[in-house]
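Chain and residue survey
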There are 4 protein chains.
Amino acid sequence: MTPLNIDDPRNRPTGSTRERQFVLTLGCPDDTGIVARLATFIAGHGGLITEAAYFADPQNNWFFTRQAIRAESMDLSIEQLREAFLPVAQELGPRVQWQLSDTAVLKKVVLLVSREGHCLHDLLGRVAENDYPMEVVAVVGNHENLAYIAENHGVPFHLVPFPKDAVGKRRAFEELAEIVNGYEPDAIVLARFMQVLPPDFCEMWAGKVLNIHHSFLPSFMGARPYHQAHKRGVKLIGATCHYATPDLDDGPIIEQDVIRVTHKDSPEEMQRLGRDAEKRVLARGLRYHLEDRVLVYGNRTVVFD
Amino acid sequence: MTPLNIDDPRNRPTGSTRERQFVLTLGCPDDTGIVARLATFIAGHGGLITEAAYFADPQNNWFFTRQAIRAESMDLSIEQLREAFLPVAQELGPRVQWQLSDTAVLKKVVLLVSREGHCLHDLLGRVAENDYPMEVVAVVGNHENLAYIAENHGVPFHLVPFPKDAVGKRRAFEELAEIVNGYEPDAIVLARFMQVLPPDFCEMWAGKVLNIHHSFLPSFMGARPYHQAHKRGVKLIGATCHYATPDLDDGPIIEQDVIRVTHKDSPEEMQRLGRDAEKRVLARGLRYHLEDRVLVYGNRTVVFD
Amino acid sequence: MTPLNIDDPRNRPTGSTRERQFVLTLGCPDDTGIVARLATFIAGHGGLITEAAYFADPQNNWFFTRQAIRAESMDLSIEQLREAFLPVAQELGPRVQWQLSDTAVLKKVVLLVSREGHCLHDLLGRVAENDYPMEVVAVVGNHENLAYIAENHGVPFHLVPFPKDAVGKRRAFEELAEIVNGYEPDAIVLARFMQVLPPDFCEMWAGKVLNIHHSFLPSFMGARPYHQAHKRGVKLIGATCHYATPDLDDGPIIEQDVIRVTHKDSPEEMQRLGRDAEKRVLARGLRYHLEDRVLVYGNRTVVFD
Amino acid sequence: MTPLNIDDPRNRPTGSTRERQFVLTLGCPDDTGIVARLATFIAGHGGLITEAAYFADPQNNWFFTRQAIRAESMDLSIEQLREAFLPVAQELGPRVQWQLSDTAVLKKVVLLVSREGHCLHDLLGRVAENDYPMEVVAVVGNHENLAYIAENHGVPFHLVPFPKDAVGKRRAFEELAEIVNGYEPDAIVLARFMQVLPPDFCEMWAGKVLNIHHSFLPSFMGARPYHQAHKRGVKLIGATCHYATPDLDDGPIIEQDVIRVTHKDSPEEMQRLGRDAEKRVLARGLRYHLEDRVLVYGNRTVVFD
């Protein structure tokens, strides 16, 4: 993780109602005294904890925490803090994983889209209302029809058409990867992007690619989930925000929600109703990710909401 | 359907707040003028419609309706009404299916249970509060431990142990069928009865056996759904009330609901939380059935709630 | 109600998945045979009913219905249908109220806004996705900051600043009324418009002005409901879509919903979370209105969803 | 707080799936280093934290925490732990409030009821299923009709009739107080007990008396909330679990929930539907209380769920 430049004009605080915080997330094998060590370290630098949560998973004997510290209470910059924390982390053993971030630094996000624009409208509308902790640095689409939305919000739009043939598709993904990589994003969001990502892309950006699937997973994986739902006659339909992995629709789930349907709702009507669930679930799941509230272990997530 | 005797002391009204109604449910191929015919027939006998709903399924071109008529507004008894309706039904073609019931006649219900008593407690508690339109005529269990609940509510309890071997199991099902058949119930409820019903039993009582499955079907069919849900890391767990068919967990769905879980919830905790969803979904689904609000077609249901 | 011109290019169908319908809504004193009369009339003109609902209110002895008829099944245009229905309506007595509309004719909507743009983004995004049965003919705002959203969607924006003094405010309302009246809208939506409408405006447009209030009414009427909610320590916050009447926040409720909050949520955080509920509730309530699903009686509504 | 006797046969663990925990809850003025002190103390006695949550309220500058420690990881009994913690608490200043409890010790609960039994059925059913961390030591009712439920569950029932006149009512409350006080309960639950408690009783048992109000407070305070809700035409009805205070329906809220209603639902139907919300909200709110998850400050609560 490269040091961040607070003087960058992009790095404004997320909104006037939120105070600036340093956020520590950490996972390691569980043991007595971890909280004491972390808390003593934070207090030793004057840190006032404004929000904290722990979780110890008894099955894997693993410890997870997220701690939000009032930035102005600390006597260190985020870079100094990271350096100071290194020896503490090392004491927690070789398998520790941690991250320290500064809420004053907006996360950079690339959105991938196809033809349906409801999630794109929703996320850019939230940003426009200064209500969402991210900067959308680019929108990449395989159709032209949503370009105007990005442009209306002053966001660069890249068109990468996806041919049907394998070679053409491979080349399109190479082009897409090049564009995405160039932005060094903190999150890549498949905002109803209807192409299956190649495994190497998923692996390169593991834990940073969020997908919104239009069903309540693991129900109705794969194509046309609303039609599957209608055929099965379910009384609730749902949406799932999950990290993309090479196994389609099988990555760690961040957030889910459902809405009620009835016998009156055709597959098309479910599609329409479901869009509301998709927007809501993606917006919530992505927010958890952007606020460093999600810790992945295996195929599961800890979400400190 | 044999005529019902309103003088039977069992046939008291469902509660003081509900007026007595005759309820017509009907399904037939869709055509122009069906509503007109039905409504003209009802009006012709002075019937005041207090609640009515229609649904025409465009895929199958099938028409469904449920009409609740204030009983005291009619100049006919329910038996006379059925007779008078016969020619109207015949005009709607050979495939019409219909039923006329009287809310003053309590539906008879047999509950099948195993070891877990939460649904049994819940349903009998509702009946005790005079809050539920049924008479529980018997509880059948394959373990003794819930007998006391039935007895506390003055309901006969039948113990039918289920051995592990195929022959013993077959005999147990024969005994169970004999008991159930003897009650001529309007509904048989698998209130967390953990045995798979034999196909002939399902077929004999098709459309009258309700099961509560402890997952959001079609997710996590089969055994130990909460453990499956925990393993997959879902953020919502659910329950499904459906008609039992020979295909396990695959019958027409009547009602579903979900509750939120987090990374903190172990499979056992999910089990505990899920019981609330199971009770609620079973109580709602069964009520729809008892109030003649559910019409089955293929593997789907119309629920006029 | 003036006849509508189907050849108007504006009057395109609401989306490819919806067939064109004629929608009859009607309320009158309850009596035997109303359904029969209506259904016989519809069938007499070949009308195939695709969705219908009735409700008879026992307290006021009033009958309400909404009937959706497949347009192409009828042998009349909507104008002819209205004319043909007149004598039927007259038979139902002098207090009958009814309306016949054609889903092929998009409803015209004027949106009133102040500074917060989340509802405006949401509604215009839905229209842009061809997902919502309305044409936004104008946005009127008392601040300039949301003009760009309307312009991005090709909708005229009218700036009407509201001074603090009574005279200035009165004049501003006169200007606003003139603009709105000029559009002859089917609905006027207060999409977080923070000015209290004068009584004569409410009365002139009675049953056509929809407001979104940012609380679960009747809790927290008036100003700063999220601050009131925080102070009272509630665990759910809500939003209410209702028809505006001269009595502030007291009009007939169309739709409500809630979201969960915790002790961690400051009033500002509640504001942020609540925006999701506001958008959802307004979108649903307005859709009910646009699809002629709402019938008002006294201070209550029948919503045939 | 008197020391608890672990050898008491009543003090069995809450269920096989839950490990025994020592639970620390604490509130004090916020300051740097509190977490470090607490965690260092716990770790110093070998304590493994299995669940922990903090909250610092910026408005009042107050710090709240709940920490669950695996009992078997500690080298102290709960009594020794309390003693050892005393000096730590004293360092946190004179305004600190704290409690240390042992989940192996079942909380004692007295239930107060009137005529409606749904909450009583529900809570006793949960206990019977070994699913709820409490022992119901007594049920007190002002009518005889629910006595049989308590008796079926082997719980003593006390009848205390409440006359209409002020003197009779005062005497009845004295009798009730004497009965309740004799049980030294950890919680007193007004399970639809329809009498307003006298202020001195509320104060004596402050923070231990839980009420379930059958509306979404602060909407529809006082009598007949479902009738009020029907009259106002709301689209959701709710229930609120709160601590009883001398100000009726105005105490700190622990939990709330809502269910959807429509124009079809009469006040009586709302009553019936609402019972499900009441049962659910009371069961959840009471569980939070019994698991020491609720910290009260002023008229608000912190609920560490």
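Quick caveat: nothing in here was measured; it's all calculated off a predicted structure. (Residues numbered from 1 in each chain as written. Chains lettered and ligands numbered in written order. Predicted model: local features only at pLDDT ≥ 70, side-chain atom pairs only at ≥ 80, totals over all residues. Heavy atoms only, no water.)

Regarding the UniProt feature "active site" (unreviewed entry) in chain A
Residues and elements named next belong to chain A. Stated precisely, the cut-off is as follows: UniProt positions are given in the numbering used here, feature names are shortened, and annotations may be inferred rather than shown by experiment. Strands here mean DSSP runs of E at least two residues long; helices mean DSSP runs of H or I at least four residues long; both are numbered from the N terminus. Here a polar contact is recorded for every N or O atom pair within 3.5 Å, except that within protein the pair must consist of a potential hydrogen donor and a potential acceptor, and residues adjacent in sequence are included only if both atoms are side-chain atoms.
As annotated by UniProt and renumbered to match this structure, "active site" (unreviewed entry) occupies Asp-249. Its place among the elements puts Asp-249 in the loop between strand 10 (236–243) and strand 11 (253–260). Side-chain polar atoms of Asp-249 contact the side chain of His-213, separated by 3.3 Å.

Remarks on the relation of the copies chain B and chain A
We count it as follows: The least-squares superposition of copies is restricted to C-alpha atoms, and to residues with a pLDDT of at least 70 in both copies. Contacts are assigned to residue pairs that have any heavy atoms within 4.5 Å of one another.
The two copies are related by a screw motion: chain B maps onto chain A through a turn of 180 degrees and a shift of 0.0 Å along the axis, at an RMSD of 0.0 Å. Interpreted geometrically, this transformation is the action of a two-fold axis. Closest approach to the rotation axis within chain B is made by the C-alpha atom of Ser-219 of chain B, at a distance of 2.5 Å. Most of the interface of chain B is mirrored in chain A, where 100% of its interface residues are also at the interface.

Some remarks on unusual backbone geometry
Condition: Each residue is placed in one exposure class: buried if its accessible area under a 1.4 Å probe, protein chains only, is under 20% of its type's maximum, exposed if it is over 50%, and partly exposed if it falls in between.
For the bond running from Leu-217 of chain B to Pro-218 of chain B, omega is 10 degrees, close enough to zero to count as cis. One can find Pro-218 of chain B in the loop between strand 9 (209–213) and helix 7 (225–232). Unlike most non-glycine residues, Asp-292 of chain B shows phi in positive territory, near 55 degrees. Looking at the secondary structure, you find Asp-292 of chain B in the loop between helix 8 (267–290) and strand 12 (294–297). For Arg-224 of chain C, which is not glycine, the phi torsion reads 50 degrees and is therefore positive. Residue placement: Arg-224 of chain C occurs in the loop between strand 9 (209–213) and helix 7 (225–232). For Arg-224 of chain C, a relative accessible area of 56% puts it in the exposed group.

Structural notes on the side chain of His-242 of chain B
Relative to the assigned elements, His-242 of chain B resides in strand 10 (residues 236–243). For His-242 of chain B, the residues in contact, after removing those within four places along its chain, are Val-209, Leu-210, Asn-211, His-213, Leu-217, Asp-249, Asp-250, Gly-251, Pro-252, Ile-253 and Ile-254 of chain B.

Comments concerning the environment of Phe-193 of chain C
Residues and elements named next belong to chain C. You can see Phe-193 is positioned in the loop between strand 8 (187–190) and helix 6 (199–204). Sequence separation of Phe-193 and His-45 is 148 residues, and the distance between their C-alpha atoms is 45 Å. Those residues in contact with Phe-193 that sit more than four places away from it in its chain are Leu-112, Val-113, Ser-114, Asn-142, Phe-162, Phe-173 and Leu-176.

Considering the sheet that holds strand 10 (residues 236–243) of chain C
All names here are of chain C. Going by this rule: When DSSP locates at least two bridges between a pair of strands, those strands are taken to pair. Interaxial angle, 0 to 180 degrees, is taken between N-to-C directions of lines fitted to C-alpha atoms, where a helix line uses only the stretch in contact.
Strand order in this open sheet of 7 strands is 7-6-5-8-9-10-11, and the pairing throughout is mixed. The sheet is open, and its two edges are formed by strand 7 (157–159) and strand 11 (253–260), each paired on a single side. Shown here is a sheet whose adjacent strand axes are inclined to one another by a mean of 20 degrees, direction ignored. Pairing of strand 5 (residues 107–113) with strand 6 (residues 134–141) involves 7 bridges; the strand directions are parallel. By the bridge assignment for strand 6, Leu-112 is matched with Val-140. Of the strands in this sheet, strand 5, strand 6 and strand 9 touch helix 3 (residues 118–128), which is tilted by about 155 degrees from strand 6. Against the sheet, helix 8 (residues 267–290) touches strand 5, strand 6, strand 8, strand 9, strand 10 and strand 11, its axis set at about 155 degrees to strand 11.

Topic: the environment of His-143 of chain A
Residues and elements named next belong to chain A. Along the polypeptide, His-143 turns up in the loop between strand 6 (134–141) and helix 4 (147–152). Sequence separation between His-143 and Phe-162 is 19 residues, and the spatial gap between their C-alpha atoms is 8.5 Å. Excluding its chain neighbours within four sequence positions, the residues that come into contact with His-143 are Ser-114, Arg-115, Phe-157 and Leu-159. At 3.5 Å, the side chain of His-143 and the side chain of Arg-115 are in polar contact.

Focus on helix 2 (residues 78–91) of chain C
Residues and elements named next belong to chain C. Just so we agree on the cut-off: The span expected for a helix works out to 1.5 Å for each residue beyond the first. Bend at a residue means the angle formed by two fitted axes: the first through the 7 residues ending at that position, the second through the 7 residues beginning there.
Look at helix 2: 20 Å from first C-alpha to last across 14 residues, which is about the 20 Å you get at 1.5 Å a residue. The largest bend along helix 2 measures about 35 degrees and falls at Phe-85, with the proline Pro-87 one to four residues further on. Turning to helix 2, its buried residues are Ile-78, Leu-81, Arg-82, Phe-85, Val-88 and Ala-89. Looking at the buried side of helix 2, the elements it contacts are strand 1 (21–29), helix 1 (34–44) and strand 4 (97–102). One or two residues past the end of helix 2 sits Gly-93, with phi positive at roughly 105 degrees.

Details of the UniProt feature "domain: ACT" (unreviewed entry) in chain A
Taken from the UniProt record, the annotation "domain: ACT" (unreviewed entry) applies to residues 23–99 of chain A. Taken end to end, residues 23–99 of chain A is 32% helix and 36% strand, and its two terminal C-alpha atoms sit 8 Å from one another.

Concerning the side chain of Lys-108 of chain C
Residues and elements named next belong to chain C. Heads up, the rule is: Asp and Glu count as negative and Lys and Arg as positive, but His and the ends of the chain are not part of the count. The rule for a salt bridge is simple: a side-chain nitrogen of Lys or Arg has to be within 4 Å of a carboxyl oxygen of Asp or Glu.
By secondary structure assignment, the location of Lys-108 is in strand 5. Buried charge without a salt bridge: Lys-108, with Glu-184 as the nearest opposite-charge side chain at an N-O distance of 4.6 Å. Engagement of the side chain of Lys-108 in a polar contact is seen with the backbone oxygen of Tyr-183, the distance being 3.3 Å.

Digging into the packing of aromatic side chains
So the rule is basically this: Pairing of aromatic rings covers Phe, Tyr and the six-membered ring of Trp, with a centre-to-centre limit of 6.5 Å; geometry is then stacked below 30 degrees between planes, edge-to-face above 60, and tilted otherwise.
In the structure shown here, the tally under the stated rule is 32 aromatic pairs over all chains. For the ring pair Phe-55 of chain B and Phe-64 of chain B, a centre distance of 6.0 Å and an interplane angle of 20 degrees mean the geometry is stacked. Comparing Phe-55 of chain B with Phe-64 of chain B shows no difference in burial state: the two are buried. Ring pairs connect the aromatic residues Tyr-54 and Phe-63 of chain A together with Tyr-54 and Phe-63 of chain D, which therefore count as one cluster.

Some thoughts on the interface of chain B and chain A
For an interface, size is often stated in terms of accessible area lost upon the parts coming together. Rules: Put simply, buried area is the surface a 1.4 Å probe can reach on two separate parts but cannot reach once they are joined, added for both. Note on residue classes: Ala, Val, Leu, Ile, Met, Phe, Trp, Tyr, Cys and Pro are nonpolar, Asp, Glu, Lys and Arg are charged, and everything else, Gly too, is polar.
Contacts between chain B and chain A engage 33 residues on the former and 33 residues on the latter. Between chain B and chain A, the buried area comes to about 3,000 Å², and carbon and sulfur atoms account for 53% of it. Viewed at the interface, chain A and chain B are joined by 6 salt bridges. Where chain B packs against chain A, one counts 17 residue pairs in polar contact (both at pLDDT 80 or more). Mapped by element, the contributors of at least two residues to the side of chain B that touches chain A are helix 7, strand 11 (253–260) and strand 13 (300–303) of chain B. Class assignment for the residues of the side of chain B that touches chain A results in 13 nonpolar, 9 polar and 11 charged.

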